Amino acid sequence: MLQRLFTVIVAILLGCGGVIAIFYALNYAVNFLPQKWRSPVLPWVYLAPAILVLGGFLVLPTINTFYLSFFDRRSENFVFLDNYIFSFTDRTMLIAFRNNILWLVLVTGVSVALGLVLAVLMDKVKYEKWTKALIFLPMAISFVGASVIWRFIYAYRPADEAQIGLLNAIITFLGFEPVGWLVEQSVNNFALIAIMIWLQTGFCLVILSAAVKGIPKDVIEAAKMDGANEWQIFWKIIVPMISSTITVVATTVVILVLKVFDIVFVMTGGNQGTEVIASRMIKETYNYRNVGVGSAIAVILLLAIIPVMVTNIQRFKEQERLR
């Protein structure tokens, strides 16, 4: 135990000390350059380690994945667009695309709408901080941890046995038959989506609450003096004035939903019609050893995320200009 603790401490010291030493050495080396070169070169010297790490762990693997997507399962024979054609025609992949669209619409719509409504309502609540903390609390739980919790909530037992799952215990207490939340294809996708909504509503609430509090009180008071009711204030003043923040929050949730994997993997493994794009990518690459198709799915997922990220960055730039 002591040996492990000592190893950890040494690793932390060497790691932090090494990083500091690298920056000091690079900064010292810049001083030997001509005066006119120092100011332009110095920022790049500090950015260089981060750029190298990002290049090695993100850019190069992305390029390699794009390259492998044009080859067969063993990356030996060039098959051009066959992997992409398979991805858009295979029945299981079509189900995954359908499920991802369902996730995008419901998780983004419900979590952002709930976050906005709660942000407006809690602005008038006496115990606002404590209420927000309770709703935000699920954000501190990992997707895997949340899935384990909800497995107990969704647990199913036959009707003649005692129910250990919270939902089925309530249902049977009311006189209904227990439901297989994770195996019934009519409800299992919605059951998984509910977990993501539970996790993301707190995030939406906190960000949108900050935006609501940023609305000048004079504007609200003027609207009330003109005879506007709460509903009109919400739609005519609050929503338009924080529309940019709503867009940023929505696009952030969209990015998380597009690459959702943990919840599906832990809860159902992608079975019973719950497959999503990310889970299918993992299965094709590691379960079926089909690197070509797995890489093609990864590229499709990346291409779907890029426009959303660009939109988010543009929104941040617009907000920065307004300041």
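Attention here is on the structure that accompanies the text. Residue numbering note: each chain is counted from 1, following its sequence as written. Predicted model: local features are reported for residues with pLDDT of at least 70 only, side-chain atom pairs are reported and counted for 80 or more only, and whole-chain, interface and lining totals are derived from all residues. Side-chain measures here rest on the full set of heavy atoms in the structure, leaving out hydrogens and waters.

### Considerations on the packing of helix H6 (residues 143-154) against helix H8 (residues 188-213)
Here's step 1: As a packed pair, H6 and H8 sit with axes 11 Å apart at the nearest point and diverge in direction by 130 degrees. When the axes of H6 and H8 are compared, the pair comes out oblique. Note on packing geometry: the crossing formed by H6 with H8 is right-handed. Contacts between H6 and H8 pair Phe143, Ala146, Trp150 and Tyr154 from the former with Ala191, Ala194, Ile195, Met196, Trp198, Leu199 and Gln200 from the latter. Every axis corresponds to a line fitted to the C-alpha atoms, with the helix fit spanning only the stretch in contact, and the corresponding angles, defined between N-to-C directions, vary from 0 to 180 degrees. A run of DSSP states H or I qualifies as a helix once it reaches four residues; a run of E qualifies as a strand once it reaches two. Both are numbered from the N-terminal end. Roughly parallel refers to an angle under 35 degrees, roughly antiparallel to one over 145, roughly perpendicular to one between 65 and 115, and oblique to any angle outside these ranges. Helix crossings fall into two classes, left-handed where the near helix is turned counterclockwise from the far one by less than a right angle and right-handed where it is turned clockwise. When checking whether two residues touch, look at their non-hydrogen atoms; a contact exists if any pair is within 4.5 Å.

### Considerations on helix H10 (residues 230-241)
An α-helix turns once per 3.6 residues; consequently, residues spaced three or four apart project the same way.
Here's step 1: Across its twelve residues, H10 extends 15 Å between first and last C-alpha, which sits within 8% of the 16 Å expected from 1.5 Å per residue.
Here's step 2: Here H10 has its buried residues at Ile233, Phe234, Ile237, Ile238 and Val239.
Here's step 3: Looking at the buried residues of H10, the elements they touch are helix H4 (91-122), H8, helix H9 (217-225) and helix H11 (243-258).
Here's step 4: The definition of a polar contact used here is a pair of N or O atoms within 3.5 Å, where within protein one atom must be able to donate a hydrogen and the other to accept one, and adjacent residues in sequence count solely through side-chain atom pairs. A distance of 3.2 Å separates the backbone nitrogen of Trp231 from a side-chain oxygen at the start of H10, and that oxygen is part of Asn229. By definition here, a helix of n residues has an expected span of 1.5 Å times n minus one. Burial here depends on accessible area, computed with a 1.4 Å probe over protein chains only, as a share of the maximum for the residue type. Under 20% is buried, over 50% is exposed, and the range in between is partly exposed.

### Considering the layout of surface pockets
Here's step 1: The pocket and cavity definitions rest on a 1 Å grid over protein atoms only: a 1.4 Å probe that fits but cannot leave marks a cavity, an open set with protein on both sides within 12 Å along at least five of seven lines marks a pocket, and residues lining either have an atom within 4 Å of a point. Grid points are joined across faces, edges and corners, and a volume is the space filled by probe spheres set on the points. Taken as a whole, the largest pocket encloses approximately 520 Å³ of empty space.
Here's step 2: Space inside the second largest pocket adds up to approximately 250 Å³.
Here's step 3: Taken together, 15 residues line the second largest pocket, and the ones lying closest to its centre are Leu116, Val117, Val120, Trp231 and Phe234.
Here's step 4: Mapped by element, the contributors of at least two residues to the lining of the second largest pocket are H4 and H10.

### Focus: the nonpolar core
Generally speaking, a soluble globular protein has its nonpolar side chains buried in company with each other.
Here's step 1: We call a set of buried Ala, Val, Leu, Ile, Met, Phe, Trp, Tyr and Cys residues a nonpolar core when their side-chain atoms join them within 4.5 Å. Residues Trp103, Tyr154, Ile195, Ile238 and Ile263 are the most contacted members of the largest nonpolar core, which totals 47 residues.
Here's step 2: No other element matches the 13 residues that H8 contributes to this core.
Here's step 3: Non-local contacts of Ile195, meaning those with residues more than four positions away in its chain, are made with Ala146, Trp150, Tyr154, Ile263 and Met267.

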